[in-house]
Amino acid sequence: MERENVWKKYQKKDEINKVHSFANGYKEFLSNCKTERECTKYFEKKAQSRGFISIEEAIKKNKKLKTGDRIYATNMGKEIALFVIGKEDICNGMNILGAHIDSPRLDLKQNPLYEDSDMALLDTHYYGGIKKYQWVTIPLALHGTIAKTDGTTVDFVIGEKDDDPVFCITDLLIHLSADQMSKEAKKVIEGEDLNVLIGSIPYGDEIKNDKEKKQLINKNVMNIIIEYFNNIDKENGNKKYDYREEDFMSCEVEVVPAGKARDMGVDRSMILGYGHDDRVCSYPTFEAVCRAKNPKRTVCGLLVDKEEIGSVGATGMNSRFFENTVAELINLCTDYSDLLLRRTLSNSFAISSDVSGAYDSIYGSAFEKKNSAYLGKGFAVNKYTGARGKSGSNDASAEYMGKIRSIFEENDIYYQTCELGKVDQGGGGTIAYIFGNYNMNVIDGGVAVLSMHAPYEVISKVDLYEAYKAYIAFAMKA
Ligand code: MN
Ligand code: MN
């Protein structure tokens, strides 16, 4: 089925400027929020400025929720749920938009620092599915949080400001790569070799300790890092803390591509940036939920962590956080019972919003053309995801797919149906099946991405805008 390019729609409506202006807001978000913590902080602050109050505050004030009220809840600083209370009884179900805010990256190990041949390096363990060879020789930044033993925490970013230093993982020169070039792609750069080069000047003052004498670069690097953190503490008015190398143990440092998201193409139709998966769905989800005023059914936006490693842990979709938060919400709306919670969840409708691999003509043989998502062809709906015989898929019912189609068609949303690549070529999962566990209707849908999971991914601005429109239609009309 041939679908019209979505740019045509906005050309006809003379609304191309709206597409670019929405994309500008997204680009700024993508440039500044490269970790799940940074995304959560950004959304929390913006939600507060748009009239959302925290669920703790509502509970403390024993607030009885009414139509139009706006509530949010965060979990350990790494995920956020937002709700706009609808006119109907919450137990009739909610319209839920779920997306994830974690992206593939490199994490520092708990004991990362070492010195070899007068160079100081940081050892990493990669997070999520990456082609390791893509992460060498590009500028990298460190985004982290240190939990100190005095109970306070410090957030930091090194490598994003114009005058910041950046970091890099080196590669072997081509002249000496006879062995490396004959390796399989997955072994060209191995996980244990993803080590970030961070310094090369030795400590300058006299040292008596023999062990330290052999680690002069490390010592100098640690001194600079400690001075850096002392300065942050001073700026923030924190009390003086005695930083040690051991503090890496209670640190979360994410190594990500440095620099801003950029317009791409002479027509500026696309955005090249790190972390489109899945912030390109998270951002329009958040904006759509904020736009919901007095909806018929309660609208929920859920932005979770840990999708890239199987939705595990307290901040992943498999955690009880979402269910517990909905229980609290029901308790603020009506007399709570376990039965009402179960009814609310099973009566809900959801879109699990995640990216889809866009058809790439250079690698056409990996795709099946008539069931692929295309850049610029609108909101990409996957009835099912999964791999090797739909394994791990939610597989939405034909009836629910019919409902989604009717909402999109009535609201002039351009959409396409797709699955990820050719059968048995690979595949992937999302958080959809976890919504499905509550016995609710859920379908996968999102934005098509080129070079998915690469350090820099590509999306079309018009697909982003159409996703935003699709989310509004779903939130208000489902
Ligand atoms: Mn994803
Ligand atoms: Mn992914």
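Read on for a plain summary of the structure.

About the thresholds
- Residues numbered from 1 in each chain as written.
- Chains lettered and ligands numbered in written order.
- Predicted model: local features only at pLDDT ≥ 70, side-chain atom pairs only at ≥ 80, totals over all residues.
- Heavy atoms only, no water.
- Donors = N, O, S within 2.8 Å, 3.2 Å for Na, K, Ca; no water.
- Helix = DSSP H or I, 4+ residues; strand = E, 2+ residues; numbered from the N terminus.
- Buried < 20%, exposed > 50% of the residue type's maximum accessible area, 1.4 Å probe, protein only.
- Salt bridge = Lys/Arg side-chain N within 4 Å of Asp/Glu carboxyl O.
- Disulfide = S-S within 2.5 Å.
- Phe/Tyr/Trp six-rings, centres within 6.5 Å; stacked < 30°, edge-to-face > 60°.
- Lys NZ or Arg CZ within 6 Å of the ring centre and 35° of its normal.

## Quick word on the coordination of the manganese ion (ligand 2)
- All of the protein donors around the manganese ion (ligand 2) are Asp277 (OD), Glu308 (OE), Glu308 (OE) and His453 (NE2); their distances to the metal are 2.1 to 2.6 Å.
- Read in sequence order, the donor residues coordinating the manganese ion (ligand 2) give the pattern D-x30-E-x144-H.
- In this structure, the manganese ion (ligand 2) is positioned 3.3 Å from the manganese ion (ligand 1), and both are ligated by Asp277. Within this pair, whereas Glu308 is found in the loop between strand S13 (298-304) and helix H10 (321-333), its partner His453 is found in the loop between strand S21 (448-449) and strand S22 (457-460), the two being separated by 145 residues in sequence.
- Since its relative accessible area comes to 14%, Glu308 is described here as buried.

## Some words on the pattern of salt bridges
- All told, the structure shown has 30 salt bridges when counted by the stated rule.
- Linking Lys12 and Glu4 is a salt bridge whose minimum nitrogen-to-oxygen distance equals 3.0 Å.
- Here Lys213 and Asp210 are joined by a salt bridge, their closest N and O atoms 3.7 Å apart. Taken as a pair, Lys213 and Asp210 lie in helix H7 (residues 210-213) at a separation of three residues, close to a single helical turn.
- You can call Asp210 exposed: its relative accessible area is 54%.
- Three or more residues are tied together by salt bridges with common partners; here these are Lys27, Asp263, Arg268 and Lys461.

## Some details on the state of the cysteines
- One pass over the full model with this rule turns up zero disulfides.
- No disulfide involves Cys33; its sulfur sits 4.9 Å from the nearest other cysteine sulfur, which is in Cys39.
- Counting only cysteine sulfurs, Cys300 is the nearest neighbor of Cys290, a cysteine outside any disulfide, at a range of 13 Å.
- Cys290 sits in the buried class, given a relative accessible area of 7%.

## What about unusual backbone geometry?
- In this structure, the amide linkage connecting Asp277 to the following residue, Asp278, adopts the cis form with an omega of 10°.
- Although it is not a glycine, Asn62 sits at a positive phi angle of roughly 50°.
- Checked against the element boundaries, Asn62 lands in the loop between helix H4 (55-60) and strand S2 (70-75).
- Overall, Asn62 belongs to the exposed group, its relative accessible area being 62%.
- Notably, Asp412 is not glycine yet its phi reads approximately 55°, a positive angle.
- With relative accessibility at 40%, the residue Asp412 sits in the partly exposed group.

## Description of the packing of aromatic side chains
- As enumerated under the stated definition, the model contains 25 aromatic pairs in all.
- Cluster of aromatic residues (ring-pair linked, three or more members): Tyr10, Phe22, Tyr26, Phe29, Tyr42, Phe43, Tyr283, Phe286, Tyr465 and Tyr468.
- Against the face of Tyr415 rests Arg3, its NZ or CZ located 4.6 Å from the ring centre.
- The ring of Tyr384 has Lys390 sitting right over it, with the charged end atom 3.9 Å from the ring centre.

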